[in-house]
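Each chain is listed here by its residues.
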Amino acid sequence: MKTPYTLIVITLIAALAYPPQWYPKPLRIQLTQWFGAGSYRSLPESMPMQPIEHEIFCPADPSGWRNAQSIDGVTIAESLACVADNPFLVAAAVKGTNNISHATLMASGLTGDAIEKANDLDGDGDPDEIHIRLEVAELNGATPLSLDPVTQYDIAPGIQPGLWVFAPKFVGMAVENFESQRARPALRLPSPAIRVEQGDRVFITLENSHYMPHTLHLHGADHAFIDANGEGNDGVPITSESPVMPGFARTYELTPRHAGTMFYHCHVQPHVHVMMGLQGLFIIEENRPNNWLQTLNIGAGLVRVPSRGVVETYDAEYDLHYQDLDQQLSERIRIDNDPRIITKSMHRDYDITDARPDYFTLNGRSFPYTFRESIVVGSDNDLIKLRVVNGGMKTIALHTHGHKFTVTHRDGTKVGANSETPRDVVTLATSQRLDLSVNLKNDGLHAYGPGIWPFHDHEYQGVTNDGIGPGGNISAIVYTDFLDPDGWPRTQGVAWDNYFTEQYYRKEIPVWNLYAPDLFGQPAMDGWILLRLLVLLVCLGTIIGILAGKVLKWREPNE
C-alpha cells in the first residue's frame, strides 16, 4: 500500500478509536442528531477497596503525663485530652528553672536559665522579676544529608510545611534521639503562650540561634519604646532598633500596667517571618497575691496551672491559637539550606499579594490531630475561659455547635456589659484577640446538653487541608460523658480511618469509600475504552514513525 493511503487508513482508524467521551460537547450533540443516541452501556464496576493502614487515633501515655499531679509543690491539673504537655515542664514554667529540683529540671528538658523567677517586689507571695529566654528553631527544613526534611513536625498525617518558631531554651538535641529526624515533643508550632503578671518586671531575651535576623515585638502589651539603656525596645527595625543577627542576643524589657490577652511576634519582614510561625500569645494576668503563673504554655491549649484571677471565676482555661500557612512560602525552606538562597527566595521572589493559604491550624495542628490535643473538655454547668488569637492572614468566623459563647474582652480590653451577648459566630481579624466565656449550663441558650460539639472556622477554607476536607482547624467541645478513658471522643458518625492516613490528604482515597464503596468508590477503567485507547496510541505511534521516516529521507543528500 502506498504511503499516503497508509496514512489515510491509519488516521481513519485513529479517529474511530478516539473515545467519544472526549469529543467536544457540540460535536457529540450533532452526532446524536445525525445518527441517534448510542445504546445504553452500564457504568464500569467500582474498584475493590484496598485495606487501609491508618495511624493510631490516640497515642498511649506511658509516662502518665495526663494525670493530675504535684511536682515540686506545683499542683498540676489533669489533662483529659489524649495528648498532654510534659508536667515537669509545666512545673518548671510555674516555679522557674532556677527554683526547682535538679530532677525536675532534667525531666523538663529546659536549661537552667530558660525561665528565671526572683524577688517578690510587692510582698504578695509571688516573684515579680521574670526573665524568659527564647531561641528560634526551624521545623521541616532542608538538609544536604537526606531528601526528607530535618526536625520533622507533622501538622496532620503526612503534612510537613516548613516552619519557624520561637522556642524556650532546651538542653540537648532538637530531635527525639540520634536515630530520629522527628522534632522533640516540646519543639513545635505554635510558639509558646507566655504568661506574666500585671506589674511584673519582665525581661525577654531573644538568643538568635537561627540563620536569619529576627526581633521580638510585644503586640498590645504595655512597654516602653526604648529601654533603660536608651536602646530600642519595640522590635521594629524600621523605627526602633536593628534586628538581632544570627549568633547574637537582645533583651526586651517591660513592666505591664494593663492586664489582657496580647500577642508577640517577629517584626523583621513580618509578611514573611510572622506567617512562617514566629508568633505567640502574650498574656498579662491580673495581679493577685501568691499568683504563681504558668509562664510558658507549650503548644497552647489547656492551661494546667491557671492564674488566681482565672480560678476565681472559671473551671478551666484554654489558649486557642489559630494560624494559616501558605504552602508557596513554607516550601522555600524545603528546597535548600543556603541562607543566601532562602533569603532571596523569601524576600525577593515571594509575593504575599499573590498568596493563598493552604493549611489551617489550631494550636499547631490540623484535623484530625486537633482532636488529640486541642479539644475543650468540660461537664454540665462548667464555665470555661478561652483566650483566642488569629495569627493568620485570613479572617476567621469562629463558630461553635451546641453552645453560644460570650465575648468578655477584645484585644485585651474588657467590653461593655451591653456587648456581652451570647453568640455562636464571632469574627477575628488578623492578629485580633478575643476572650470568650463558654457556659456549659444546659438551658437551651448557653448550651444544649452533653455531647461532642464541633467548633471551627465557618469560612470554609479553614476546615480543609490543602482543599481536602475534613481538615483544618476543626475541634470540639467534648463533655466528659462522651470521652473514653484514653482521652478520645466517642464519636457516633462515620469511621475516621481515612482521616488518619497520608493517602487521604494526598487525594488518593475516595471520601466515602469506607461505608459506600460501590456507590462512591473509585470507578474501574472501562475495558472497551481501554482497548480504544490502545488502538489510538498504536495508530498515533505509527503515524509519527511514518512522518519521521519521510522527513529523514527528505533531508538525505541526493547522490
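Here the structure is a predicted model, which is why all the values come from computation and not from measurement.

Colleague: Tell me about the overall build of the protein, residues and numbers included.
Modeller: Regarding its fold elements, the protein presents twelve helices and 26 strands. Residue burial in the protein is summarised as follows: out of 559 residues, 51% are buried. Of the contacts made within the protein by residues no fewer than 6 positions apart, 71% connect residues no fewer than 24 positions apart. In the structure as shown, the protein presents an accessible area of about 26,400 Å², 56% of it carried by carbon and sulfur atoms.

Colleague: Requested: an account of the side chain of Arg 288, with residues and values cited.
Modeller: Note that Arg 288 resides in the loop between β13 (279-285) and β14 (296-297). A distance of 2.9 Å separates polar atoms of two side chains, one belonging to Arg 288 and the other to Glu 286. In contact with Arg 288, not counting residues within four places along its chain, are Asp 124, Asp 126, Glu 197, Arg 308, Gly 309 and Glu 312.

Colleague: Outline the nonpolar core, listing residues and values.
Modeller: Core analysis: the biggest nonpolar cluster contains 107 residues, and Phe 166, Phe 282, Tyr 318, Met 346, Leu 386, Leu 398 and Leu 436 have the highest contact counts within it. When residues of this core are assigned to their parent elements, the largest contribution, six residues, is made by strand β4 (residues 129-139). Aside from chain neighbours lying at most four places away, what touches Met 346 is Trp 164, Met 212, Val 272, Met 276, Leu 329, Arg 332 and Ile 333.

Colleague: I'd like to hear about the layout of surface pockets, residue by residue, with values.
Modeller: As a volume, the second largest pocket reaches approximately 510 Å³. Among the elements of the structure, α2 (25-35) and α12 (527-555) are those that each provide at least two residues to the lining of the second largest pocket. Looking at side-chain class alone, the lining of the second largest pocket contains eight nonpolar, five polar and three charged residues.

Colleague: For the packing of aromatic side chains, give the residues involved together with the corresponding values.
Modeller: In the structure shown here, the tally under the stated rule is 18 aromatic pairs. Seen in terms of ring centroids, Trp 496 and Tyr 499 are 6.0 Å apart; in terms of plane orientation they differ by 65 degrees. Their pairing is edge-to-face. Accessibility assignment for this pair places Trp 496 and Tyr 499 in one class, buried. Chaining the aromatic ring pairs together yields one cluster made of Phe 57, Phe 367, Tyr 369, Phe 371, Trp 488, Trp 496, Tyr 499, Phe 500, Tyr 504 and Tyr 505. The side chain of Arg 250 reaches across the aromatic face of Tyr 252, ending 5.5 Å from its centre.

Here is what the cut-offs are and how they apply
- Residues numbered from 1 in each chain as written.
- Predicted model: local features only at pLDDT ≥ 70, side-chain atom pairs only at ≥ 80, totals over all residues.
- Heavy atoms only, no water.
- Helix = DSSP H or I, 4+ residues; strand = E, 2+ residues; numbered from the N terminus.
- Buried < 20%, exposed > 50% of the residue type's maximum accessible area, 1.4 Å probe, protein only.
- Contact = heavy atoms within 4.5 Å.
- Areas by Shrake-Rupley, 256 points an atom, 1.4 Å probe, with all protein chains shown as cover.
- Polar contact = N/O pair within 3.5 Å; in protein donor to acceptor, adjacent residues only side chain to side chain.
- Core = buried A, V, L, I, M, F, W, Y, C linked by side-chain atoms within 4.5 Å.
- 1 Å grid on protein atoms, 1.4 Å probe; cavity = no way out; pocket = protein on both sides within 12 Å on 5 of 7 lines; lining within 4 Å.
- Points joined across faces, edges and corners; volume = space filled by probe spheres on them.
- Nonpolar A, V, L, I, M, F, W, Y, C, P; charged D, E, K, R; others polar.
- Phe/Tyr/Trp six-rings, centres within 6.5 Å; stacked < 30°, edge-to-face > 60°.
- Lys NZ or Arg CZ within 6 Å of the ring centre and 35° of its normal.

None of this, on its own, says anything about what the molecule does.
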